[in-house]
Structure formats: structure tokens, C-alpha cells
Amino acid sequence: LADRTYLGSWVARPSSSERTWLSFFGCLRLSMARRLARTSSRLARSLSTALAEEASPSALVTLHDRTVAIGTPPRTLVDRLSLTLREGDRLAILGENGSGKTVTAQLLGRAIGGSADGVELTPSSAVASSAGVGREGRAVVHVSFESHRRLLQSEVREYRESRFDVTHRRATLASYLFPELRPDLPHPNGFAGYTPKEARLAPLPVPYDADAHHPGLAALESAVTRGEAGELLRQFGLYELRHRPLFAMSTGEARKTMVVDCLLSPPQLLVLDEAFDGLDSQSRDDLREVLLRTLDADGGRRTGALALIAHHPDDLVPPPTHALLLGQGEGRTGFLGGEWREMAATVGAYFDSQRLASSARPPRPRLRRGAVAAEAAAEAAA
């Protein structure tokens, strides 16, 4: 009882020296806690930075003070362009006609491919897709009205050079997507000493009315109905058209086929260059819907980077992450650029001004089904 009384007295009424020691240990404990908190905070910040750097997409291309020019003598379209394009970026390239949108996208693609220096750039009318060549190692692919037209021109040329006749099947959606699986059959006309080249758009050595059950199409049928190819064709509404000749497709169907090709073998940069141009209202809506479903749902996983060139805000599909507005300043060679959240108001004002300027112009006629194919055939014949 005496010990307990003493202990209680000591705890309740410590002496002067004891109070000093208690105060010292209390301050020491508080100091150690603060140091531990600061150290933990620094470690957390370092870990957060390291994780962010690891998760940050790598830069595909960086341009610094690059002049975008075409022609001889050079005509400057964009002066001192500086930007960085990363994997997964969706860059909206906007501006009036002639401001250099397509040529800028072309420069980005060539820079990604390592051939931007010393290479002459071409006007938009001379830019085509990689439709007529293999898909391996593509740095950039344009999907546009112009590349669509050139695709059909190439198909007509390949058909005529092959010496096939109208009784045989011309290049189809399936043979376009999987050129390595073309039927390995003798040339139908049996030209002695002549071997047609294995071109991507070359006709097939099967009858024109051959269906999915034809033995010569077995490998193609298997490839386009399974896996990712079959899934994409169903999503794009092209599954039932998988053996239809390219020349017989509507404008919207052919445009979707070009997009599917890019999704199956993604280039480092996919350029949707006014990809809705020439489509009727229903085809435009269908293409927007399927692009949103396939490109936006996974955050751009299917393509390295995406460039969107459009004259209408509704055609910026999927929603961009960055914007580049060309044709600024007195000489119309300046630009504004940045993340979409910073540029949204400026881009909105630009589209409003364009809408007012175009309100007095007559509407551009939409092309009827097969019109692009007919035009391409006429030009190839010429």
C-alpha cells in the first residue's frame, strides 16, 4: 500500500528534474515524428513521380521550331512549329483550307518514320494511304476522301494489268485485309510464261460469283471470320460484305474498310483526314458511332497516336486530347496549340466563325453510292 501511495504521488506530482526529463523526451518524440512525416512525404512524392514517369506514354515525335513548307520556291504554311506527340494522343489539327493541316500531319508521320529531314512535302492532293502496299512497318496512314479515291484507282489499275477478265473475282474486302492469304491457284487464263504479281489489290483467280464456301477462299474466310478481324467487321457492319469486291462497295463501306485495316495492323500515326467527307448523313452517323466504340473505349490502345482533321466539330471523333489550330497571325502562318481543356474555348470560337462564314455558301453535294468508284475508274481509264 505504501508503494502504491508513493507511485501515485510520483506520477501525480513529479519533481522539477522529472518534469525537465519528461519535457525533453516529449520534444524529442515530437521532433522524430515530424522528421518521419517529412521523410514519408518525400518518399511518397518520389514514388508518385516515378510511377507517373513510368506510366507516361513515350514521345513518338518532337518538333521544335520546324517550318512547314511546300513547293518550289518553298511556300511557308506553318512557321516555327513546336509540338510533342505521344502514344495515345488524339490531336485535332484544325484550320482553314490551305493552312497546312494535311501537310503538317504528313510531316509528323515522316518524322515518326525518321525521314522528315530533307524530304519534300506535298500538297494534300498528293497524299494517299498505304493501301497499295504491305502493312508492315507503316509509320502513318491517311484515311480520307483522297486516299479512298486513290485506293480505287489502284484497284482498277491492278485489275487491268493482271489480264483477268470479267468472269473472275476482283479484289475483295477479305483479300485487301489479308493479302498474304490470296488463293494460290493457276492464272485462270493460263498465259504461258506470265506470272501476275502478288499485289494487295490484285484480282483473285476464282469465279466472280464465288461465295464463302468456295475452296479457293477457304483461308480468307477463316481469317476474316475469327478473332479480332471478325469482331471488327461485325462492329463496323461489314461482316456480311467480307467477300464483296472493293469497287462494288458504297463510299461509307469502303471508308470503314480502310479504318478496319488500320485497326488490325495499327500504324504509329493514324490520320483521319476529313474522313467523313463525301458520306451521306446515315453513313456519317454510322462511322462516328463505330469510331467511338472502337477507338475511344480503350483510350486509343489500338493506335499509337491519332490525328483528326475536320471542318465540323461533330467530326472530331473520338474526342481529342490536344488541339493544333493553324492559320493564325497576320501572315496566316502562326498556330495555337495545347491540351484540349485549354484549347476548347478557342476551338469553339473558331468553329463558330467558320459556321458564319459558310452560311452563305451553297451546300456541298453528297456523293451517291459508288460515285467515288466510278470517278476512280474514269480517271484510271484516262
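Parameters at a glance
- Residues numbered from 1 in each chain as written.
- Predicted model: local features only at pLDDT ≥ 70, side-chain atom pairs only at ≥ 80, totals over all residues.
- Heavy atoms only, no water.
- Helix = DSSP H or I, 4+ residues; strand = E, 2+ residues; numbered from the N terminus.
- Buried < 20%, exposed > 50% of the residue type's maximum accessible area, 1.4 Å probe, protein only.
- Contact = heavy atoms within 4.5 Å.
- Areas by Shrake-Rupley, 256 points an atom, 1.4 Å probe, with all protein chains shown as cover.
- Pairing = 2+ DSSP bridges.
- Phe/Tyr/Trp six-rings, centres within 6.5 Å; stacked < 30°, edge-to-face > 60°.
- Lys NZ or Arg CZ within 6 Å of the ring centre and 35° of its normal.
- Axes fitted to C-alpha atoms, helices over the stretch in contact; angles between N-to-C directions.
- Salt bridge = Lys/Arg side-chain N within 4 Å of Asp/Glu carboxyl O.
- Parallel < 35°, antiparallel > 145°, perpendicular 65-115°, else oblique.
- Nonpolar A, V, L, I, M, F, W, Y, C, P; charged D, E, K, R; others polar.

Q: Mind showing me how you'd approach the overall build of the chain here?
A: In terms of helices and strands, the chain carries eleven helices and eight strands. In the chain, which comprises 382 residues, the share counted as buried stands at 44%. Sequence-distant contacts in the chain: of pairs separated by 6 or more residues, those separated by 24 or more amount to 69%. Accessible area of the chain: about 20,500 Å², with a carbon and sulfur share of 53%.

Q: What's the story with unusual backbone geometry in this structure? I'm lost.
A: Both trends apply: most residues other than glycine have a negative phi, and most peptide bonds are in trans. Each neighbour pair has its own omega, and for Thr72 with Pro73 the value is -5 degrees, a cis peptide bond. With respect to the secondary-structure elements, Pro73 resides in the loop between β1 (59-70) and β2 (75-86). With an omega of -5 degrees, the peptide bond running from Val317 to Pro318 counts as cis. In this structure, Pro318 sits in the loop between β6 (305-309) and β7 (322-328). The phi dihedral of Asp65 is positive, around 50 degrees, even though this residue is not glycine. Tracing the chain through its elements places Asp65 in strand β1. The residue Arg332 is not glycine, and still its phi comes out positive at about 60 degrees. By the secondary structure assignment, Arg332 is in the loop between β7 and β8 (334-339).

Q: How should the pairing of β8 be read in this particular structure?
A: Regular strands show a simple pattern: their side chains alternate between the two faces of the sheet. Sheet topology places β7 next to β8; six bridges connect them, and they run antiparallel. Across the sheet, the residue bridging to His322 is Glu339, located in β8. Connecting β7 to the antiparallel partner β8 that follows it, the hairpin turn spans five residues, and Gly329 within it adopts a positive phi of roughly 85 degrees.

Q: Got a minute to help me understand the packing of aromatic side chains in this structure?
A: When we look at a pair of aromatic rings, we describe it by the centre distance and by the angle of the planes. A full pass over the atoms with the stated rule returns one aromatic pair. Summarising the aromatic geometry, the rings of Tyr350 and Phe351 are spaced 5.3 Å apart at their centres and angled 55 degrees between planes, so their arrangement reads as tilted. The cationic tip of Arg288 hangs over the ring face of Phe276; the distance from NZ or CZ to the ring centre is 5.2 Å.

Q: So what exactly am I meant to see when it comes to the sheet that holds β8 here?
A: Within a sheet, each strand pairs with its neighbour through backbone hydrogen bonds, oriented either parallel or antiparallel. The strand order across the open sheet built from six strands is β4-β5-β6-β3-β7-β8, with neighbouring strands paired in mixed fashion. Two strands close off the open sheet at either side, each with one partner strand: β4 (140-144) and β8. Neighbour to neighbour, the strand axes of the sheet diverge by 15 degrees on average, direction disregarded. Direction of pairing for strand β3 (residues 90-94) relative to β7: parallel, over a ladder of four bridges. Each residue of the ladder has a partner; that of Ile93, found in β7, is Leu324. Of the strands in this sheet, β3, β4, β5 (269-273), β6 and β7 touch helix α3 (residues 101-112), which is tilted by about 170 degrees from β5.

Q: Honestly, the pattern of salt bridges in this entry has me stumped. Any pointers?
A: Oppositely charged side chains can pair when the atoms bearing their charge come close. For the structure shown, the criterion picks out 13 salt bridges. Taking the shortest distance from any N to any O, the salt bridge between Asp65 and Arg80 comes out at 3.4 Å. With Asp65 in strand β1 and Arg80 in strand β2, this residue pair connects regions lying 15 residues apart in the sequence. Taking the shortest distance from any N to any O, the salt bridge between Glu146 and Arg150 comes out at 2.8 Å. Remark: Arg150 and Glu146 occur in helix α4 (residues 145-162); sequence separation between them is four residues, near one turn of the helix. In this structure Arg150 comes out as partly exposed when scored by relative accessible area, which is 28%. Three or more residues joined by partner-sharing salt bridges are found here, namely Arg284, Asp285, Arg288 and Asp315.

Q: How should the packing of α4 against helix α8 (residues 251-264) be read in this particular structure?
A: When two helices pack together, you describe them by how their axes are tilted relative to each other and by the distance separating the axes. Here α4 crosses α8 at 95 degrees, and the two axes come no closer than 10 Å. With respect to their mutual orientation, α4 and α8 come out roughly perpendicular. Taking contact as the criterion, the partners of Phe145, Ser147, His148 and Leu151 in α4 are, on α8, Thr251, Ala254, Arg255 and Met258. Looking at the contact of α4 with α8 residue by residue, the classes come out as four nonpolar, three polar and one charged.

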